Amino acid sequence: MNEPLILIVEDDPVQRRLLRDYLGSRGFPVVEASSRKEALEAVLRHRVDIAVVDYKLGDDTGTAAIRDMLAASPLVTPIMVTAYGNIERAVEAVRSGAYDYIVKPLDFEKFLLILERARERQKLRREISDLRERLDEKFNARNFVFASPLMEDVTRLVVKAARSEATVLVTGETGTGKDLVARMIHQSSARKNGPYVALNIPALPESLIEAELFGAEKGSFTGAHERKIGKFEAASGGTVFLDEIGDLAPETQVKLLRFLQDREFYRLGSNQALHADVRVIAATNQDLEALMKKGRFRADLFYRLNVIAIAVPPLRRRKEDIPPLVDFFLKKYGEREGKKIHGLTREALAALVNHAYPGNVRELENVVERAVVFAEKDTLGLADLPLDVTEPAEEGKGPEGDTLVDKVRRLEVQEIRTALRAADGVKSRAARALGITERMLAYKVKTYGLGPGTGNRSGTGRP
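Residues numbered from 1 in each chain as written. Predicted model: local features only at pLDDT ≥ 70, side-chain atom pairs only at ≥ 80, totals over all residues. Heavy atoms only, no water.

Counting secondary structure elements, the protein contains 19 helices and 16 strands. Across the 463 residues of the protein, 44% fall into the buried class. Nonlocal contacts in the protein, meaning residues at least 24 apart in sequence, comprise 70% of its contacts between residues at least 6 apart. With an accessible surface of roughly 24,100 Å², the protein has 50% of that area assigned to carbon and sulfur atoms. (Helix = DSSP H or I, 4+ residues; strand = E, 2+ residues; numbered from the N terminus. Buried < 20%, exposed > 50% of the residue type's maximum accessible area, 1.4 Å probe, protein only. Contact = heavy atoms within 4.5 Å. Areas by Shrake-Rupley, 256 points an atom, 1.4 Å probe, with all protein chains shown as cover.)

Looking at the protein as a whole, the pLDDT averages 86, with 88% of positions reaching at least 70. Of the regions scoring below 50 in pLDDT, residues 393–401 engages in eight contacts with residues more than four places distant in sequence or in other chains. Across residues 451–463, confidence stays below pLDDT 50; counting only partners more than four residues off in sequence or on other chains, it has 26 contacts. (pLDDT = per-residue confidence, 0-100.)

Topologically, serine 270 is positioned in the loop between strand S11 (264–265) and strand S12 (274–275). The exposure class of serine 270 is buried, given its relative accessible area of 17%.

Pairing within the open sheet is parallel, and its five strands lie in the order S9-S10-S13-S8-S14. Each end of this open sheet is capped by a strand with a single partner; those strands are strand S9 (196–200) and strand S14 (308–311). Each strand axis lies, on average, 15° off the axis of its neighbour in the sheet, ignoring direction. The sheet contact formed by strand S10 (residues 239–243) and strand S13 (residues 279–284) spans five bridges and is parallel. Residue pairing in the sheet places valine 240 in a bridge with valine 280 of S13. Across the sheet, helix H6 (residues 149–162) is in contact with strand S8 (168–171), S13 and S14; its angle to S14 comes to roughly 150°. (Pairing = 2+ DSSP bridges. Axes fitted to C-alpha atoms, helices over the stretch in contact; angles between N-to-C directions.)

Helix length check: helix H10 (residues 250–262) (13 residues) gives 19 Å between terminal C-alpha atoms against 18 Å at 1.5 Å per residue, within 8%. Taken residue by residue, H10 has Thr252, Gln253, Leu256, Leu257, Phe259 and Leu260 as its buried positions. With its buried residues spanning 160° around the axis, H10 presents them on a single face. Buried-residue contacts for H10 involve helix H8 (206–214), helix H9 (231–234), S10, S11, S13 and helix H12 (299–305). Following H10 by one or two positions, arginine 263 adopts a phi angle in the positive range, close to 55°. (Expected span 1.5 Å × (residues − 1). Arc of directions from axis to C-beta.)

It is worth spelling out the packing of aromatic side chains at this point. In the structure shown here, the tally under the stated rule is nine aromatic pairs. Ring plane angle 20° and centroid distance 6.5 Å describe the contact between tyrosine 196 and phenylalanine 241, whose orientation is recorded as stacked. In this pair, tyrosine 196 sits in strand S9 while phenylalanine 241 sits in strand S10, placing the two residues 45 residues apart along the sequence. Exposure class is identical for tyrosine 196 and phenylalanine 241. Each is buried. Taken together, a centroid distance of 5.6 Å and an interplanar angle of 35° make the contact between phenylalanine 214 and phenylalanine 232 tilted. One end of the pair, phenylalanine 214, is in helix H8; the other, phenylalanine 232, is in helix H9, with 18 residues separating them in the sequence. Neither phenylalanine 214 nor phenylalanine 232 differs from the other in exposure class; each is buried. Three or more aromatic residues joined by ring pairs form one cluster here, namely Phe214, Phe232, Phe259 and Phe265. (Phe/Tyr/Trp six-rings, centres within 6.5 Å; stacked < 30°, edge-to-face > 60°.)

Turning next to the packing of helix H2 (residues 36–45) against helix H3 (residues 62–72). Two elements in contact, H2 and H3, have axes whose closest approach is 9 Å; the angle formed by their N-to-C orientations is 20°. The orientation of H2 with respect to H3, classified from their angle, is roughly parallel. Relative to H3, H2 is oriented so that their crossing is right-handed. Contact residues: Arg36, Ala39, Leu40, Val43 and Leu44 in H2; Ala64, Ala65, Asp68, Met69 and Ala72 in H3. (Parallel < 35°, antiparallel > 145°, perpendicular 65-115°, else oblique. Left-handed = near helix turned anticlockwise from the far one by under 90°.)

By the element assignment, aspartate 153 lies in helix H6. For aspartate 153, a relative accessible area of 39% translates into the label partly exposed. When the C-alpha positions of aspartate 153 and alanine 311 are compared, they lie 9.6 Å apart, and in sequence the two are 158 residues distant.

Tracing the backbone through its elements, the reader meets methionine 69 in helix H3. Residue methionine 69 is classed as buried on the basis of its relative accessible area, which comes to 1%. When neighbours within four sequence positions are excluded, methionine 69 is seen to be in contact with Leu7, Ala39, Val43, Ala51 and Val53.

On to unusual backbone geometry. Geometrically, the link from lysine 104 to proline 105 is a cis peptide bond, its omega value of -10° lying close to zero. With respect to the helices and strands, proline 105 occurs in the loop between strand S7 (100–103) and helix H5 (108–138). Non-glycine residue glutamate 244 carries a positive phi angle of around 60°. As for its position among the elements, glutamate 244 is in the loop between S10 and H10. Notably, asparagine 360 is not glycine yet its phi reads approximately 60°, a positive angle. Relative to the assigned elements, asparagine 360 resides in helix H15 (residues 360–374). For asparagine 360, a relative accessible area of 0% translates into the label buried.

Structure below.
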């Protein structure tokens with residue numbers, strides 16, 4: 001049903017019936033309440049969108065009823081109906097949370113206009129709430145897919161950073177997920193309801209970076225035809241994410257440092273000092289300490305940014321994360337493409353695990369997405385993967401023709417089989433002996449295809 005559900009809160013049965021019949025004739029679904037208590041019960045029982053509340057409810061007031069309803073369901077849009085058309089009543093209604101008010105006897109044309117405005121407001125608030133819930137879910141740590149101890153360490157730092165207001169420096173190779181880490185920190189912090197504004201520094205000409213960060217007055221440079229609000233001003237109350245901070249020009253580094261010290265800045269072409277309450281998270285795939293030695297990055301700015309340091313490891317150092325990431329991407333793109341992909345063959349998964357991933361998680365996601373798009377079966381095999389994944393590179397070959405990855409894999413398989421035999425197939429005991437988590441062991445068993453029965457949680461099967 002597209003029309004909003006309207007709650008009528010009126011102790012006079014004649015007035016209540018009059019409102020109900022009018023709203024019903026206009027196609028609105030209606031529920032009724034005759035008291036403050038019934039109004040609260042109705043809100044708890046139904047997904048009420050708009051509440052039309054009389055000011056007098058026996059010994060209670062409509063303002064008290066509105067406060068109750070909003071405490072129980074903040075998305076309700078209340079409209080106050082009163083026989084006392086004065087400023088004091090209007091102010092009291094608004095302070096209690098009413099969107100608007102109308103005076104008795106009702107002018108139904110005016111009432112319908114107020115109702116239409118309330119409906120548009122309610123629709124917008126629902127959309128914003130739904131979007132925020134989707135963002136919360138998307139950037140919740142539960143969806144930060146990993147199985148490796150290295151990423152457990154990263155997640156612990158994300159949680160600590162979210163509790164703080166300090167600046168954060170996220171480092172790591174391209175494609176490791178630095179932007180996701182930054183967004184998770186914001187979305188888990190006290191600033192989550194504020195703006196999240198991201199700026200990719202290399203994507204803009206050097207001459208425009210300062211205006212993007214701090215804003216510019218009309219006429220301050222060629223092409224500035226109107227005042228421009230900068231990222232710091234736009235993000236007040238929230239977070240600014242500066243991606244690839246290592247590419248920031250030296251003169252802009254000075255101004256950024258001043259902002260981090262005093263939270264004060266100037267728009268280009270203005271002498272008026274402005275302030276912004278923002279939290280800064282920066283990221284880079286470069287070695288800032290090496291840049292400092294070359295004089296290309298300010299040491300004082302580095303120390304201002306590097307209060308909380310989070311290093312995101314490359315995917316090749318956390319192979320345990322590949323199987324759960326593959327499962328996550330299979331589900332994501334399978335749903336998008338309308339395909340039910342049940343998994344990969346053992347050979348295909350082994351190829352994905354053994355690949356070096358110069359592009360990190362972004363490359364893995366691209367490989368899985370491509371495979372799902374072109375898949376003709378419900379299980380992906382080697383033929384569904386690109387050649388650079390399925391054909392091992394010649395680089396890194398040892399004297400016996402094996403890559404380092406092959407040697408590590410062979411050693412891991414041997415150690416896992418030995419531990420499982422010693423533990424009589426009980427994976428919890430085998431995991432403790434290996435010094436890894438049971439979940440990690442389960443993924444390795446699955447990845448290396450160590451035989452049926454070894455992938456279940458009870459661990460009663462032998463390898």
